[in-house]
Amino acid sequence: MLTTHNLSKTYSSGMLLRQSTHALKDVNLRIGRGETVGLFGESGSGKTTLANLIAGALEPTRGEIFFHGQRVRMPYRGALRRSIQMLYQHPETAFDPCWSLKKSILEPFRLHKIPWTEAQIRELLGQVGLYEEHLSRNLRALSGGELQRAALARVMAMEPELILLDEPTSMLDSISQAQVLSILKRYQQQHGTAYLLISHDKQVIRHLCDRCYILEKGVLTGEERYNHE
Ligand code: ADP
Ligand code: MG
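A look at helix H1 (residues 47-55)
Every α-helix winds through 3.6 residues per turn, so residues three or four apart in the chain are directed the same way. For H1, the tally of buried residues reaches eight of nine residues, placing the bulk of the element in the interior. Residues of H1 that are buried include every one of Lys47, Thr49, Leu50, Ala51, Asn52, Leu53, Ile54 and Ala55, and no others.

Some remarks on the confidence of the model for the chain
Looking at the chain as a whole, its pLDDT mean stands at 93, while 100% of the residues score no less than 70. Looking at the elements of the chain, mean pLDDT is at its lowest for helix H5 (residues 132-135), recorded as 86, and at its highest for strand E3 (residues 30-31), recorded as 98.

Remarks on empty space enclosed by the protein
Per the counting criterion, the structure on display carries one cavity of 30 Å³ or more. Quantified by volume, the largest cavity comes out at close to 30 Å³. What lines the largest cavity is Gln127, Met156, Ile183, Arg186, Tyr187 and Gln190. No other element matches the four residues that helix H7 (residues 174-191) contributes to the lining of the largest cavity. Residue composition of the lining of the largest cavity, grouped by class: three nonpolar, two polar and one charged.

Criteria and cut-off values
- The residue numbers shown here count from 1 along each chain, following its written sequence.
- For this description, chains carry letters from A and ligands carry numbers from 1, given in the order in which they are written.
- For a predicted model such as this one, the threshold for reporting local features is a pLDDT of at least 70, and the threshold for listing and counting side-chain atom pairs is 80 or more; totals across whole chains, interfaces and linings nevertheless cover every residue.
- Side-chain measures here rest on the full set of heavy atoms in the structure, leaving out hydrogens and waters.
- Buried means the residue's accessible area, taken with a 1.4 Å probe over protein chains only, is under 20% of the maximum for its type, while exposed means over 50%, and partly exposed covers the values in between.
- A run of H or I in DSSP counts as a helix once it spans at least four residues, and a run of E counts as a strand once it spans at least two, with each numbered from the N terminus.
- pLDDT runs from 0 to 100 and stands for how confident the predictor is about each residue.
- Grid points spaced at 1 Å over the protein atoms alone were grouped into cavities, where a 1.4 Å probe fits but cannot get out, and pockets, open sets with protein on both sides within 12 Å along at least five of seven lines, with lining residues defined by an atom within 4 Å of a point.
- Grid points are joined across faces, edges and corners, and a volume is the space filled by probe spheres set on the points.
- In this classification, Asp, Glu, Lys and Arg are treated as charged, Ala, Val, Leu, Ile, Met, Phe, Trp, Tyr, Cys and Pro as nonpolar, and every other residue, Gly included, as polar.

Given below as structure tokens:
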């Protein structure tokens, strides 16, 4: 479904002394329809950069991304923009903290001009274990786990084909962590959505993934397969 070909990203920074960081070098990966693929690497290895490139939030320095055999280019529009969604490590960065949960959940519907019903919103909330009473609440009044589940509901509303999960549980306590992982597992069984699960925690990856790429200093150095039988 998605492949990358020699995907590379170099960041330049500094005004006087131009400094270059080679965050990613010639990354070739493949994500099949409905597959759960892990991306494991230490902090600073380039995981978030890779997710941002695939999500169309960053322009690659070199290389290409293909989705269903078609080369994709920034900015993503229309169906493509809905098809690839990202869940961030810090859910608070994905929301306007002054908005109510309802306004936040409805934002993508407005953005993509998708009709919605109250019943649909209730069902969406139900899928992530939130309730109608949460809707009128200010986002500041939600816990970290609730906020990440709200972000997940907003992603699910777009019925994407691929969700990029950038350390989705690393900021959460162990109970919220287990909750989010089980929601992700159940949602995938029902919808067949593909996941790229990014983590520095092998246990989290092993729990959910069929296989996993190992990223070291911007280079894919290996691949592991897991047998869940
Ligand atoms: P990870 O998500 O695995 O922790 P990142 O993709 O965030 O890794 O970062 C990879 C490398 O690129 C790091 O060395 C980081 O400092 C650098 N980097 C990330 N974002 C930027 C940026 N906007 N400008 C300059 N360097 C960056
Ligand atoms: Mg990161």
